[in-house]
Amino acid sequence: MERFRLAIIGSGMITRNSHLPAALSTPQAQVVALVDTDIEGARSLAQSYGIHPRISAQLDEILPDIDGAIIATPNHTHHPLGLRCLRAGVSVLMEKPLALDVREGEELVAAAAASGAALAVGYCTRFRRNVRLLKRLLEAQHFGAVHRFYHQFGTRGGWAPVSGYNLDRKRNGGGVLITTGTHFIDRMLHFWDEPEQVELLIDVEPGGLEANAETRFHYPGLGLHGAARYSKSLALPAGMTLETDAGLVVLKDYDQSEIVLRPKHAPTLEYRIDERQPETVASVFVAQLEDFIAASRERRAPSVDGRQGLASLRLLERLYANARHDRRAYYAETVSA
Amino acid sequence: MKIAILGASGLVGTHLAHRLAGRDYALKLFIHSSGNAWQLAPLGLPLHQLNLLDRAALKTALADCSHVVNCTRGDEELMLKGMANLIEVCGEHGGQHLIHLSSTLVYGDPPAPESVSENAATHAPPASYAWQKLRQDQMLMAATELRHTILCPPNISGVQSYYWLQILGALRQGEFALTTDPRRHSVTVDVQNLCLAIECALNSRSSHRGRIYITDGEPLSWHQLIAGLSELVGVDPAALPRLPAQEPALTDSPPRATLWRSLKHLASSHVREALRKDPNWAKLDQGMRLCVARLGAGTENRLRTALEGPTVVPRTEARPINRTSYHQYRAVVPDISLAQRELAYRPEVSAARSLATFMTWYRHETGLDQDYAPLVQALYN
């Protein structure tokens, strides 16, 4: 079978560290083009990996010669770039989030449906072995009922795109909830579908760029409530806990972390849960890319498709529509105390 | 007055920017990268990316500023060359007032008793952070034409304090050893107090050219501090390991550079292992090993010991001790009367209030004050 002719649009950090190595490591794909308005940056990236794809600042020039494209550009460019690819029948693996808002997301999904091209969204944590296993365990009610869940991820500093668009709400689509929270929101939807009620507390006025966000999710029909916390000012060890009939389930947010159960009847013990014969999984980026290529070739929906990306956008819009300013003036509080 | 804040996305820079913006000062904020600048975005001010090593860009950037506050920190090149550029540029602009943050570490760690006053002799190990700060101070003091103020704080406490977060991490790991002496003081400055001191310096006409200590005034004891921080992480201070009576000799200080040490390093097993990846070096290495083997096992062993040193078996300890524990040997409480005279500095936040505020902030920002606290706690264990 001929190799999938892949273009990568955007030569920033996620391409350099994740998408390009994944594309080079799978025999299914050939990187035939790098597209970026920063031609020198794209050229330098190609050189550093010893490859010779076409380098262009013009997407339209390369569309006729590719089967699919990874779009790894600032969030506000996802919609225009995605539309051009999909309308030309080129399958798209879109870095998350799918688009800036629901309207843009719907247009992308519609364009994919119209042309038959595949539209995948880069929620790569879905390809973690531990996430797939947890999903199976939850579906089988292995832990009994789940009563509460909690997720957090915080870093001080970290990701700093060259354009600085992360600090521009109009270009990013939101604050830390978009930058850091969307992977978990996607997983939460995957585990439990849409919550009935949502709440969001942020450290700025609604409409501003939040550096800290606390969310609440309520599934009264399932007897399930959850919370999540994201920070760009404080390091919070990344992971999820579930309070279940069987005890506390902990899954730290790393590709290789184990699902841990701290049983109710013996809280000082810890059971580590894995398959007896665990499958060998390449990196999540390789798994994601191969799934995308297969979906494009077989003209079916990828595992994380545009519809699911759209569900995430809808939930994010609901959250921001329900945002309240968490007005904490810590020094003033301790004076009055 | 137009104030440039260099390093605006750091702990002090962020707090200072918010404080001064709230008081309607005209500000120009400079950052190194956007990754850490999230809390500046709500100010609605442009964030200028600037590298102190780019002298031309620095000159242009500061041309319209009357005051410059240097809150930057980085590697040695940034600290020294960057400082040199900053002094030159501010000197060329003429009339600018440069406010610089030094560190009490320049007086040694632990500091000598006479370091209660800023006039004490300095003592900073070469190539250390303290040495870099000392060099910065010396460069600035030598710039006689440049109006400047050198504020000299200890470790910074209060909301978002990296220092207290570091101690929290050590407590959580069981790696903080507590002194048995309840009189030992933890000398810190709350970030709001430091920002107040900077504001005082901005508005001061003081021409003092040396360092000026800035602290919270009356410090907490280490026992008080650890009692509070231990509560946050669910640790019993009584169960903490005890600090040795004397500070152990440093085992991880950089070795002295000698020619013999350098030659030994070239012949060491891990260097040769790396060289063996090349086929030519691999052949040479194999030849050398055969020659040495012919000298006999005894000679081979003596040569190996001379190059690699004897096999060292580390003593098994219950837990390593985090280096922040050794800060308890710092017995000097700096006198801030110079700051009071020269800058009219009066701390707004007592050390006790600084701790209480930090604890409230930490509990809230981690979710430990929420109903789902047990689920949060599980991620730290």
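Only a predicted model underlies this, so the values are computations on that prediction, with no experimental measurement involved.

Things to note about the environment of Pro110 of chain B
All names here are of chain B.
Argument step 1. Looking at where Pro110 falls in the secondary structure, it is placed in the loop between β5 (97-101) and α4 (129-142).
Argument step 2. The class for Pro110 is partly exposed, based on a relative accessible area of 37%.
Argument step 3. The spatial distance from the C-alpha of Pro110 to the C-alpha of Ala143 is 29 Å, given a sequence separation of 33 residues.
Argument step 4. Among residues more than four places away in sequence, those in contact with Pro110 are Glu247, Tyr329 and Arg330.

A few points about the pattern of salt bridges
Residues and elements named next belong to chain A.
Argument step 1. Summed over all chains, the structure comprises 42 salt bridges over all chains.
Argument step 2. For the salt bridge of Arg43 with Glu40, the shortest nitrogen-to-oxygen distance reads 3.0 Å. Separated by three residues within a single helix, Arg43 and Glu40 lie in helix α2 (residues 39-48), roughly one turn from each other.
Argument step 3. On the accessibility criterion, Arg43 (38% relative accessible area) is partly exposed.
Argument step 4. The structure contains a network of salt bridges with shared partners spanning Arg128, Arg187, Asp253 and Asp255.

Some words on α2 of chain A
Residues and elements named next belong to chain A.
Argument step 1. Among the residues of α2, those classed as buried are Gly41, Ala42, Leu45 and Ala46. The buried side chains of α2 occupy one side of the element, clustering within an arc of 135° when seen end-on. More than 90 degrees from the buried face of α2, the exposed residues found are Glu40 and Gln47.
Argument step 2. In this structure, the buried residues of α2 make contact with α1 (13-25), β2 (29-35) and β3 (54-56).
Argument step 3. Among the residues trailing α2, Gly50 stands out with phi positive, at a value near 65°.

Brief notes about the pairing of strand β1 (residues 4-9) of chain A
Residues and elements named next belong to chain A.
Argument step 1. Of all six residues that make up β1, five are buried, and the element is covered over most of its length.
Argument step 2. Judged from the six bridges that link them, β1 and β2 form a sheet pairing that is parallel. Of the residues in β2, the one forming a bridge with Leu6 is Val31.
Argument step 3. Since β1 and β2 lie parallel, the crossover through α1 that links them has a hand, and here it is right-handed.
Argument step 4. Pairing analysis gives four bridges linking β1 to strand β4 (residues 68-71), with the strands arranged parallel. Within the sheet, the bridge partner assigned to Ile9 lies in β4 and is Ile71.

Remarks on the nonpolar core
Argument step 1. Counting residues in each nonpolar core, the largest one holds 128 residues, and the members touching the most others are Trp192 of chain A together with Ile5, Ile167, Ile198, Ile214 and Leu229 of chain B.
Argument step 2. If one sorts the elements of this core by residue count, helix α6 (residues 191-203) of chain B sits on top with nine residues.
Argument step 3. When neighbours within four sequence positions are excluded, Ile214 of chain B is seen to be in contact with Leu151, Cys152, Pro153, Pro154, Val189, Asn193, Leu194, Ala197, Ile336, Ala339, Leu343 and Tyr345 of chain B.

Some details on the confidence of the model for chain B
Argument step 1. When pLDDT is averaged along chain B, the result is 92, and 97% of the positions lie at 70 or above.
Argument step 2. The ipTM assigned to the predicted complex is 0.92, against a pTM of 0.91.

Examining the side chain of Thr366 of chain B
Argument step 1. Structurally, Thr366 of chain B can be placed in helix α13 (residues 351-366).
Argument step 2. Note on Thr366 of chain B: relative accessible area 0%, which makes it buried.
Argument step 3. A polar contact of 2.6 Å, which involves the side chain of Thr366 of chain B, links it to the backbone oxygen of Tyr362 of chain B.
Argument step 4. At 3.5 Å, the side chain of Thr366 of chain B forms a polar contact with the backbone oxygen of Arg363 of chain B.
Argument step 5. Contact partners of Thr366 of chain B, with chain neighbours within four places excluded, come to Tyr150, Gln152, Arg229, Leu234 and Leu236 of chain A together with Val376 and Tyr380 of chain B.

As for the sheet that holds strand β5 (residues 91-94) of chain A
All names here are of chain A.
Argument step 1. Overall, parallel pairing links the six strands, which are arranged β3-β2-β1-β4-β5-β6 in an open sheet. With partners counted over all chains shown, the strands left at the sheet margins are β3 and β6 (119-121), one partner each. The sheet shows a mean angle of 20° between the axes of neighbouring strands, direction not considered.

Comments concerning the environment of Ser34 of chain B
Argument step 1. Topologically, Ser34 of chain B is positioned in the loop between β2 (26-31) and β3 (47-49).
Argument step 2. Between the C-alpha atom of Ser34 of chain B and that of Leu47 of chain B, which follows or precedes it by 13 residues, the distance is 8.4 Å.
Argument step 3. Apart from the residues lying within four places of it in its own chain, the contact partners of Ser34 of chain B are Ala160, Pro161, Gly164, Asn166 and Leu167 of chain A together with Gln49 of chain B.
Argument step 4. Of note is the side chain of Ser34 of chain B, whose polar atom sits 3.2 Å from the side chain of Asn166 of chain A.

With respect to the packing of helix α9 (residues 182-192) of chain A against helix α11 (residues 306-321) of chain A
A pair of packed helices is captured by two measures, namely the crossing angle of their axes and the spacing between those axes.
All names here are of chain A.
Argument step 1. At their nearest, the axes of α9 and α11 sit 10 Å apart, and the two run at 110° to each other. In terms of orientation, α9 lies roughly perpendicular with respect to α11. Crossing hand, α9 versus α11: right-handed. Residues Thr182, Ile185, Asp186, Met188 and Leu189 of α9 form the contact with α11, whose participating residues are Ala311, Ser312, Leu315, Leu316 and Leu319.
Argument step 2. Residue composition of the contact of α9 with α11, by class: seven nonpolar, two polar and one charged.

Conventions adopted
- Residues numbered from 1 in each chain as written.
- Chains lettered and ligands numbered in written order.
- Predicted model: local features only at pLDDT ≥ 70, side-chain atom pairs only at ≥ 80, totals over all residues.
- Heavy atoms only, no water.
- Helix = DSSP H or I, 4+ residues; strand = E, 2+ residues; numbered from the N terminus.
- Buried < 20%, exposed > 50% of the residue type's maximum accessible area, 1.4 Å probe, protein only.
- Contact = heavy atoms within 4.5 Å.
- Salt bridge = Lys/Arg side-chain N within 4 Å of Asp/Glu carboxyl O.
- Arc of directions from axis to C-beta.
- Pairing = 2+ DSSP bridges.
- Right-handed = clockwise from strand over helix to strand, strands pointing away.
- Core = buried A, V, L, I, M, F, W, Y, C linked by side-chain atoms within 4.5 Å.
- pLDDT = per-residue confidence, 0-100.
- Polar contact = N/O pair within 3.5 Å; in protein donor to acceptor, adjacent residues only side chain to side chain.
- Axes fitted to C-alpha atoms, helices over the stretch in contact; angles between N-to-C directions.
- Parallel < 35°, antiparallel > 145°, perpendicular 65-115°, else oblique.
- Left-handed = near helix turned anticlockwise from the far one by under 90°.
- Nonpolar A, V, L, I, M, F, W, Y, C, P; charged D, E, K, R; others polar.

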